[in-house]
Amino acid sequence: NAGVMQNPRHLVRRRGQEARLRCSPMKGHSHVYWYRQLPEEGLKFMVYLQKENIIDESGMPKERFSAEFPKEGPSILRIQQVVRGDSAAYFCASSPEDSYNSPLHFGNGTRLTVT
Amino acid sequence: AQSVTQLGSHVSVSEGALVLLRCNYSSSVPPYLFWYVQYPNQGLQLLLKYTSAATLVKGINGFEAEFKKSETSFHLTKPSAHMSDAAEYFCAVSGAGGYNKLIFGAGTRLAVHP
């Protein structure tokens, strides 16, 4: 059973470009979470999605950031008009349900560098 | 509101020595607490979790943690460090609004030297 798959592993974008980060959850997992890790910091919650629904986006910056988890295909985290401060590692995690009996399984992350 | 404080951003121990990584939490509701480990360029792996059952929780790789409500602590220990334990360790608490909406501490980087 493959784990959470994220791609690309590394992404370099110039200021003003768009970044698209993809996440395929583990098989059978319908709950997806995105976290951001800034250098020398812990992970910060961004958004929680279920298929075709955004459940909680309280950690998402108000502008330029969006996320989706369509009925078919991976979850996408999209950052428009990237700035240097967006440079970070972005982790996706999945679980079969939002329960303490179903802890998160994390992907290996996408490391975004904005030049 | 929930929060987590990890005391000591860097801890260095000798191989075979006791590992103690400190975590204190703040929570307005009975907490669910977690320890995760992150190896370089990888995602986080769950070491152990506390979900209001036994206060002493055993995890993978010989790690354990004890929930102490009176001290609002959830320190991670391992009796004998191994070189392969060198990694970054994160303590986390479930945030309001979802079990998997985790609030992470800033992390403790563990170095193990021969």
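Scroll up for the structure.
Now for a quick tour of the structure. In this text, all values refer to a predicted model and were calculated from it rather than measured experimentally. (Residues numbered from 1 in each chain as written. Chains lettered and ligands numbered in written order. Predicted model: local features only at pLDDT ≥ 70, side-chain atom pairs only at ≥ 80, totals over all residues. Heavy atoms only, no water.)

## Describing the nonpolar core
Okay, step 1: B:Trp35, B:Leu47, B:Leu48, B:Phe74, B:Leu76 and B:Tyr89 are the most contacted members of the largest nonpolar core, which has 26 residues in total.
Okay, step 2: Where this core is concerned, the elements lending two or more residues are strand 2 (10-14), strand 3 (19-26), strand 4 (33-38), strand 5 (44-50), strand 7 (64-68), strand 8 (73-78), strand 9 (87-94) and strand 11 (108-113) of chain B.
Okay, step 3: Among the nonpolar cores identified, the runner-up in size contains 23 residues, and A:Leu11, A:Val47, A:Phe65 and A:Ala67 belong to it. (Core = buried A, V, L, I, M, F, W, Y, C linked by side-chain atoms within 4.5 Å. Buried < 20%, exposed > 50% of the residue type's maximum accessible area, 1.4 Å probe, protein only. Helix = DSSP H or I, 4+ residues; strand = E, 2+ residues; numbered from the N terminus.)

## Overview of the layout of surface pockets
Okay, step 1: Within this model, the largest pocket holds a volume of roughly 380 Å³.
Okay, step 2: In terms of lining, the largest pocket is formed by 18 residues, of which the most central are A:Gln37, A:Arg111, B:Gln38, B:Glu88 and B:Arg109.
Okay, step 3: Mapped onto the lining of the largest pocket, the elements with two or more residues apiece are strand 9 (88-95) and strand 11 (110-114) of chain A together with strand 9 of chain B.
Okay, step 4: No other element matches strand 9 of chain B, which puts three residues into the lining of the largest pocket.
Okay, step 5: Among the residues forming the lining of the largest pocket, the class breakdown is 10 nonpolar, three polar and five charged.
Okay, step 6: Along the walls of the second largest pocket sit 15 residues, with A:His105, A:Phe106, B:Leu44, B:Gln45 and B:Leu46 positioned nearest its centre.
Okay, step 7: Of all elements in the fold, only strand 10 (105-106) of chain A together with strand 5 of chain B reach the threshold of two or more residues within the lining of the second largest pocket.
Okay, step 8: When residues of the lining of the second largest pocket are assigned to their parent elements, the largest contribution, three residues, is made by strand 5 of chain B. (1 Å grid on protein atoms, 1.4 Å probe; cavity = no way out; pocket = protein on both sides within 12 Å on 5 of 7 lines; lining within 4 Å. Points joined across faces, edges and corners; volume = space filled by probe spheres on them. Nonpolar A, V, L, I, M, F, W, Y, C, P; charged D, E, K, R; others polar.)

## Looking at the pattern of salt bridges
Okay, step 1: Taken as a whole and assessed by the stated rule, the structure comprises eight salt bridges over all chains.
Okay, step 2: B:Lys101 serves as the salt-bridge partner of A:Asp56, at 2.9 Å between the closest nitrogen and oxygen. In this pair, A:Asp56 sits in strand 6 (residues 53-56) while B:Lys101 sits in the loop between strand 9 and strand 10 (102-104), so the two residues belong to two different chains.
Okay, step 3: The buried category is assigned to B:Lys101, whose relative accessible area is 17%.
Okay, step 4: Salt bridges linked by common partners bring A:Glu18, A:Arg20 and A:Arg78 together as one network. (Salt bridge = Lys/Arg side-chain N within 4 Å of Asp/Glu carboxyl O.)

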